[in-house]
Amino acid sequence: MTTARAVPEGLSEAQLDRALEAFRGVVGSDHVLTGDEALEFRDPFWHSEWPQYDASAVVQPSSAEEVQAIVRLAGEHGVPIWTTSQGRNNGYGGSSPRVRGSVVMNLRRMNRVLEINEELGYAVVEPGVRWTDLNDAIQAGGHRLMLTIPDLGWGSVIGNALEHGITYMPYGADFMAPCGMEVVLADGELLRTGMGALPGSKTWHLYRRGLGPTLDPLFMQSNFGVVVKMGVWLMPWPETFVPIWLNAPKETDLIPIIDTTRRLRLDRTLEGVPRLYNTLVFASLMDQRSRWYDGDGPTPDHIIDQVAGDLGFGRWTMSMALWDDNVIADYKIDKIKAAFEQIPGVQVRFSKHAPEEIPALENHSDRVLGGAPAQEWNNILRWYGSDAGAHLGNGLIAPLDGQEAFRLHSLIRGVVEREMGLDYFASPMVINARSLIHACGAIWDISSEEDSRRAYAGCRAIVEEAAKAGFGEYRAHLDYMDLAADKYSFGDHAYRRFLEKIKDAVDPKGILSPGKQSIWPASYRPDKG
């Protein structure tokens, strides 16, 4: 299907072309992409015949100075720009902009690891640095350091942090790894956060706060600036790395698993960020659905039990790890096994490894917990046997309380199976000491427009139903950013109105990623719909 050229509302094609020519003067013609060249940056899980979130072009600067110049020119020409790092935000919108016709400013060319400090345990990176890039730099330098990473290694270290992305080592808990940012503001000014505001600061990437308000969180999931540099904390090698696996046979085992995990997290026996999955998640990583079931609708419970038995998993599987001295690890292993194996039928297994063995571990999840990037998580897209597999998700926050976790699980499973007619993936539940993120996924064939509509409608229904039950999204897809943000309505939307005041003050022309997380500039508010 051929669609009309995407042009931002309020601009003519001629005005857009003048802006793109100005961008070419900054980055060169090869780095302003239009037409088919820009399609790589379209959300891969948005149906091909849906034009709502099409960009007009992609511009790729290579330095902070080029970002400053592009931002200034965007303001002069009135062109909205949508910033992405690697643009691997698949399942949440990819690189697609919230406002049709925006120019995507993609920062992949800013891909330098600027510093690795082994003594103080940190690195400094640009937004185009992927997890694989930083890990390679750590290995090449012979640094005895570990990087807390997500399941897929192709994404941006900075981009993941700015989207509240999840990683799994102790520094992954509650987003502890980022420290100290350099930010281009909407007028092209350059700002350094925290201790970086002090010229010649020796502690910019060592201490998260500074004098006065701490600004770093303002640039996460927002459109107040463009982060062009960030510090990230690294962890020294432990004496031993211990991946631990738990299998539980019953769906209701979720309740005691969560309550036991809470006690072990709060007393610091378990650190890092444990991950809890249901049966079909691991099945999708290993094979296609047709191995067990080829019928219509969701996989029946008795088949799920069969899958769990065939693969040696339970209805729930939890992956966690220890990073400790040997003697401490041995003590914690005994305590963890004793605590979880009080739950009837639960089995706990573990293995111990020296840090240098981690990249060669057979299980990719173990490698990820050890900081070695992997790509196997993409295998889930093959579940329905199609080369056009897509996934979409919600991320909801619940108390680390067994009954509440089961309540949310049941709510989500009901919507996925009833509204979407698809299999339900708890992919995964991610556990901090007092709360969990229930990341739930829908997988379907993106070539089917009917299935695509049903998947997106189902995810919007989850937002609605979860909010009624007191559970809010921590990260939203483009298609339901407004819906998710609208649920945060305390004080007649006091939170949203406060963010709008900040937006109007720091970006009065509204050019930086308008609509991101439903933060709309004044010029868009009456029509944002």
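Every chain begins its residue count from 1, and numbering advances along the sequence as written. Only residues with pLDDT of 70 or above have their local features reported here, since the model is predicted, and side-chain atom pairs are shown and tallied only from 80 upward, although totals for entire chains, interfaces and linings are computed over all residues. Hydrogens and waters are ignored; side-chain quantities use all the structure's heavy atoms.

Thoughts on the overall build of the chain
Piece 1. Scanning the chain from N- to C-terminus turns up 13 helices and 18 strands.
Piece 2. Values of the radius of gyration come from C-alpha atoms, whereas the globule rule sets the reference at 2.2 Å times the count of residues to the power 0.38. Against the 2.2 N^0.38 benchmark of 24 Å for 529 residues, the chain shows a C-alpha radius of gyration of 23 Å, consistent with a compact globule.
Piece 3. Considered along the principal axes of its C-alpha atoms, the chain spans approximately 70 × 55 × 45 Å.
Piece 4. Only protein chains enter the calculation, and the probe is 1.4 Å; a residue is then buried if its accessible area is under 20% of its type maximum, exposed if over 50%, and partly exposed in between. Classification of the 529 residues of the chain by burial places 58% in the buried group.
Piece 5. Throughout, a contact is declared for two residues whenever any of their heavy atoms are within 4.5 Å. Counted over contacts in the chain with a minimum sequence separation of 6, partners at least 24 positions apart contribute 73%.
Piece 6. Only four residue types enter the tally: Lys and Arg on the positive side, Asp and Glu on the negative side, with His and both chain ends excluded. By convention, the point assigned to a charge is CZ for Arg, NZ for Lys, CD for Glu and CG for Asp. For the chain, the separation between the mean place of its 52 positive charges and that of its 70 negative charges on side chains is 4 Å. Put simply, DSSP H or I for four residues or longer makes a helix, DSSP E for two residues or longer makes a strand, and each gets a number counted from the N terminus.

Notes on helix H10 (residues 402–420)
Piece 1. The span you would expect from a helix comes to 1.5 Å times its residue count less one. Over its 19 residues, H10 runs 26 Å from end to end, which matches the ideal 27 Å to within 8%, given 1.5 Å per residue.
Piece 2. Here a polar contact is taken to be a pair of N or O atoms separated by no more than 3.5 Å, where protein atoms must pair a possible hydrogen donor with a possible acceptor and residues adjacent in sequence count only if both atoms sit in side chains. Between a side-chain oxygen at the N-terminus of H10 and the backbone nitrogen of Gln403 the separation is 3.2 Å; the capping residue is Asp401.

As for the side chain of Asn89
Piece 1. As for its placement among the helices and strands, Asn89 is situated in the loop between strand S3 (81–84) and strand S4 (103–106).
Piece 2. Overall, Asn89 belongs to the buried group, its relative accessible area being 19%.
Piece 3. The residues contacting Asn89, other than those within four sequence positions of it, are Gly94 and Arg475.

So, the pattern of salt bridges
Piece 1. A side-chain nitrogen of Lys or Arg and a carboxyl oxygen of Asp or Glu constitute a salt bridge if their distance falls within 4 Å. Counted according to the given criterion, the structure contains 41 salt bridges.
Piece 2. A salt bridge links Asp54 to Arg42, with the nearest nitrogen and oxygen atoms 2.9 Å apart. Placement of the pair is Asp54 in the loop between strand S1 (32–33) and strand S2 (57–59) and Arg42 in the loop between S1 and S2, with a sequence separation of 12 residues.
Piece 3. Judged by relative accessible area, Asp54 falls into the buried class, the value being 13%.
Piece 4. Here Arg42 falls in the buried class, since its relative accessible area comes to 16%.
Piece 5. Measuring nitrogen to oxygen at the nearest pair gives 2.7 Å for the salt bridge that ties Arg289 to Asp423. Here Arg289, found in the loop between helix H6 (279–286) and helix H7 (301–311), pairs with Asp423, found in the loop between H10 and strand S17 (425–431); they are 134 residues apart in sequence, far enough to count as distant. Like Arg289, the residue Asp423 is buried in the burial classification.
Piece 6. Beyond isolated ion pairs, a larger network of salt bridges with shared partners links Glu251, Asp301, Asp305, Arg315, Arg413 and Glu417.

Re the pairing of strand S16 (residues 389–399)
Piece 1. Along S16, eight of the 11 residues are buried, which leaves the element largely enclosed by surrounding structure.
Piece 2. Pairing analysis gives 11 bridges linking S16 to strand S18 (residues 435–445), with the strands arranged antiparallel. Paired with His391 across the bridge in S18 is Ile443. For two strands to be treated as a pair, DSSP must find at least two bridges joining them.

Topic: the side chain of Ser427
Piece 1. Within the secondary structure, Ser427 is located in strand S17.
Piece 2. Relative accessible area serves as the criterion here: at 18%, Ser427 is assigned to the buried category.
Piece 3. Every residue in contact with Ser427, bar those within four places of it in the chain, is listed here: Tyr277, Val281, Trp377, Ala439, Cys440 and Gly441.

Some remarks on the nonpolar core
Piece 1. What is meant by a nonpolar core is a set of buried Ala, Val, Leu, Ile, Met, Phe, Trp, Tyr and Cys residues, joined one to another through side-chain atoms within 4.5 Å. Counting 85 residues, the largest nonpolar core has Leu246, Ile257, Trp316 and Phe340 as the members making the most contacts within it.
Piece 2. When residues no more than four places from it in sequence are discounted, the contact partners of Leu246 are Ile257, Trp316, Thr317, Met318, Met320, Phe340, Val346, Gln347 and Val348.
Piece 3. In this structure, Val129, Leu145, Ile149 and Met235 belong to the second largest nonpolar core, which totals 47 residues.

Notes on helix H2 (residues 64–77)
Piece 1. In this model, H2 (14 residues) spans 20 Å end to end at C-alpha, consistent with the 20 Å of a helix rising 1.5 Å per residue.
Piece 2. Within H2, the full set of buried residues consists of Ala64, Glu66, Val67, Gln68, Ile70, Val71, Leu73, Ala74 and Gly75.
Piece 3. Downstream of H2 by one or two residues, Gly78 has phi in the positive range, about 70 degrees.

With respect to the sheet that holds S3
Piece 1. Judged by pairing direction, the sheet is mixed, and its four strands sit side by side in the order S1-S2-S4-S3 without closing on themselves. Both outer strands of the open sheet, S1 and S3, are each paired with one neighbouring strand and no more.
Piece 2. Two strands pair when backbone bridges link them, and S1 and S2 are joined in this way by two bridges, in the antiparallel orientation. Pairing of Val32 across the sheet is with Val59, part of S2.

Regarding the sheet that holds S16
Piece 1. With antiparallel pairing, the seven strands of this open sheet are ordered in space as S15-S12-S14-S13-S17-S18-S16. Only two strands of the sheet have a single partner each, and these edge strands are strand S15 (347–350) and S16. Neighbouring strand axes in the sheet, compared pairwise and without regard to direction, differ in orientation by 20 degrees on average.
Piece 2. The pairing of strand S13 (residues 275–278) with S17 spans two bridges and is antiparallel. Across the sheet, Arg275 pairs through a bridge with Val430, a residue of S17.
Piece 3. Contacts from H10 reach strand S14 (316–324), S16, S17 and S18 within the one sheet, and its direction differs from that of S18 by about 15 degrees.
Piece 4. The angle between two axes is taken between their N-to-C directions and runs from 0 to 180 degrees, where each axis is a line fitted to C-alpha atoms and a helix contributes only its stretch in contact. Helix H11 (residues 449–468) contacts S16 and S18 of the sheet and is inclined by roughly 5 degrees relative to S16.

Some details on the environment of Gly128
Piece 1. Within the secondary structure layout, Gly128 lies in the loop between strand S6 (122–125) and helix H3 (131–140).
Piece 2. Placed 59 residues apart in sequence, Gly128 and Asp187 show a C-alpha to C-alpha distance of 22 Å.
Piece 3. Setting aside residues no more than four positions away along its own chain, Gly128 makes contact with Gln86, Leu107, Arg108, Met110, Asn111 and Asp133.

Some points on the packing of aromatic side chains
Piece 1. Pairing of aromatic rings covers Phe, Tyr and the six-membered ring of Trp, with a centre-to-centre limit of 6.5 Å; geometry is then stacked below 30 degrees between planes, edge-to-face above 60, and tilted otherwise. Enumeration according to the criterion identifies 14 aromatic pairs in this entry.
Piece 2. With a centroid separation of 5.7 Å and 40 degrees between ring planes, the pair formed by Trp520 and Tyr524 is classed as tilted.
Piece 3. By relative accessible area, which is 22% here, Tyr524 ends up partly exposed.
Piece 4. Counting every residue linked through ring pairs, the aromatic cluster contains Trp46, Trp50, Tyr53, Trp444 and Tyr456.
Piece 5. We call a charge positioned over a ring when the NZ of a Lys or the CZ of an Arg lies within 6 Å of the ring centre and within 35 degrees of the ring normal. In this structure, Arg88 packs its charged tip against the face of Trp154, placed 4.7 Å from the ring centre.
Piece 6. Directly above the aromatic system of Tyr92 lies the positively charged group of Arg475, at a separation of 4.3 Å from the ring centroid.

Purely geometric numbers; function is a separate question.
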